[in-house]
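In case you want the letters, here they are:
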Amino acid sequence: MPRSVAGRSRRRAALGVAASILAIGLLAGCASDPLADQYRSGDSKQYIAGDGTVTEIPAADRAEPVSFTGTTETGATVDSSQYLGQVLVLNFWYAGCAPCRAEAPALEQLNTKYDGKGASFLGVNVRDQPATAVAFGTSFGVTYPSVIDTNGAVQLAMSGVVAPNAVPTTLVIDKQGRVAARILGQATAPSILDTLISTAVAETS
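Residues numbered from 1 in each chain as written. Predicted model: local features only at pLDDT ≥ 70, side-chain atom pairs only at ≥ 80, totals over all residues. Heavy atoms only, no water.

## Some details on the overall build of the protein chain
Broken down by element type, the protein chain carries 6 helices and 9 strands. Put simply, the protein chain has 205 residues, and 43% of those count as buried. Sequence-distant contacts, at least 24 apart, represent 68% of the contacts inside the protein chain between residues at least 6 apart. Entry remark: accessible area of the protein chain is about 10,400 Å², with carbon and sulfur atoms responsible for 58%. (Helix = DSSP H or I, 4+ residues; strand = E, 2+ residues; numbered from the N terminus. Buried < 20%, exposed > 50% of the residue type's maximum accessible area, 1.4 Å probe, protein only. Contact = heavy atoms within 4.5 Å. Areas by Shrake-Rupley, 256 points an atom, 1.4 Å probe, with all protein chains shown as cover.)

## Observations regarding the state of the cysteines
Scanning the model with the defined rule gives 1 disulfide in all. The disulfide partner of cysteine 97 is cysteine 100, and the S-S distance across this bridge is 2.4 Å. Disulfide cysteine 97-cysteine 100: torsion about the S-S bond near 80°, hence right-handed. You can call cysteine 100 buried: its relative accessible area is 3%. (Disulfide = S-S within 2.5 Å.)

## Concerning helix H4 (residues 130–140)
Think of an α-helix as turning once every 3.6 residues; residues three or four places apart then point the same way. Turning to H4, its buried residues are Ala133, Phe136 and Gly137. Buried residues of H4, seen end-on, are gathered within an arc of 95° and therefore sit on one face of the element. Summarising the geometry of H4, the exposed residues directed more than 90 degrees from the buried face are Ala131, Thr138 and Ser139. (Arc of directions from axis to C-beta.)

## Side note on the packing of aromatic side chains
Within the structure shown, the criterion is met by 3 aromatic pairs. A centroid spacing of 4.4 Å and a plane angle of 35° characterise the contact between tryptophan 93 and phenylalanine 136, whose relative ring orientation is tilted. Remark: phenylalanine 136 occurs in helix H4 and tryptophan 93 occurs in strand E5 (residues 87–93); sequence separation between them is 43 residues. Neither residue differs from the other here; tryptophan 93 and phenylalanine 136 are each classed as buried. Arranged with centres 4.5 Å apart and planes meeting at 25°, the rings of phenylalanine 136 and phenylalanine 140 form a pair that is stacked. Separated by 4 residues within a single helix, phenylalanine 136 and phenylalanine 140 lie in helix H4, roughly one turn from each other. Every member of this aromatic cluster is reached through a ring pair, and the members are Trp93, Phe136 and Phe140. The side chain of arginine 127 reaches across the aromatic face of tyrosine 94, ending 4.1 Å from its centre. (Phe/Tyr/Trp six-rings, centres within 6.5 Å; stacked < 30°, edge-to-face > 60°. Lys NZ or Arg CZ within 6 Å of the ring centre and 35° of its normal.)

## Examining the nonpolar core
Residues Leu90, Phe92, Met158, Leu171, Leu193 and Ile197 are the most contacted members of the largest nonpolar core, which totals 47 residues. In terms of residues, this core owes the most to one element, E5, which gives 6 residues. Leave out the neighbours within four places in its chain, and leucine 171 touches Leu88, Val89, Leu90, Phe92, Met158, Val161, Val162, Val179, Ala181 and Arg182. (Core = buried A, V, L, I, M, F, W, Y, C linked by side-chain atoms within 4.5 Å.)

## Description of the pairing of E5
Residues in a regular strand project their side chains so that they alternate between the two faces of the sheet. Counting buried positions along E5 gives 7 out of 7 residues, so the element sits mostly inside the fold. Pairing analysis gives 7 bridges linking E5 to strand E6 (residues 119–125), with the strands arranged parallel. What sits directly across from leucine 88, in E6, is serine 120. In this fold, the crossover linking E5 to E6 by way of helix H3 (residues 98–114) has right-handed handedness. Pairing between E5 and strand E8 (residues 169–173): 5 bridges, direction antiparallel. Looking at the pairing, leucine 88 lines up with isoleucine 173 of E8. (Pairing = 2+ DSSP bridges. Right-handed = clockwise from strand over helix to strand, strands pointing away.)

## Some thoughts on the packing of H3 against helix H6 (residues 190–202)
H6 packs onto H3 with a crossing angle of 30° between their chain directions and a minimal axis gap of 10 Å. Handedness of the crossing formed by H3 with H6: right-handed. In contact with Ala106, Leu107, Gln109, Leu110, Lys113 and Tyr114 of H3, H6 contributes Pro190, Leu193, Asp194, Ile197, Ser198 and Val201. Tallied by class, residues from the contact of H3 with H6 come to 8 nonpolar, 2 polar and 2 charged. (Axes fitted to C-alpha atoms, helices over the stretch in contact; angles between N-to-C directions. Left-handed = near helix turned anticlockwise from the far one by under 90°. Nonpolar A, V, L, I, M, F, W, Y, C, P; charged D, E, K, R; others polar.)

## Focus: the confidence of the model for the protein chain
A residue-level look at the protein chain finds 73% of positions with pLDDT of 70 or above and a mean pLDDT of 80. With pLDDT under 50 throughout, residues 2–51 is counted as low confidence; its partners more than four residues away or in other chains account for 43 contacts. (pLDDT = per-residue confidence, 0-100.)

Below you can see the structure in the form of structure tokens.
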């Protein structure tokens with residue numbers, strides 16, 4: 001076989017092996033997500049919405065309560081313990097994220113609906129400085145606070161629930177501080193998140 005042809009054959013073989021390794025790595029990464037595993041199990045409470053993967057976790061299957069602290073864009077201290085006894089909607093975002101901008105009106109609509117009715121909203125800004133987060137809130141009419149999480153502390157607290165760089169992601173955290181549901185991606189349909197929140201608010205245990 002001519003040397004050039006043999007060389008091309010070896011290169012093609014090497015590329016094929018590399019592609020196989022990459023595919024295995026990607027599959028392994030997906031499999032490491034416990035909520036994704038639960039979703040793939042086919043539970044009837046779990047479904048795919050057009051705006052992202054939605055996973056609902058039955059109360060008996062929820063993990064331990066999450067715990068975090070942080071500082072909002074206005075300098076206020078926030079601790080997860082202050083939300084115990086109510087539902088917390090936690091939205092991971094940043095100003096330069098187009099899906100985050102698109103979903104902002106839907107999130108604010110629900111924030112207004114549930115104000116004083118058993119659920120609170122809290123943003124987690126993963127990239128911006130406080131001034132940028134404040135400007136975003138003014139531009140998009142967002143009234144709930146956001147933790148400035150540029151050090152990744154809240155993201156780390158949600159390890160295994162929110163994958164790195166999975167922005168936007170919205171979590172519904174139950175009255176005991178456990179993750180009850182997740183929207184992985186843009187939450188532009190208020191009815192879907194509304195159902196997840198109202199279900200969590202109605203829970204008695």
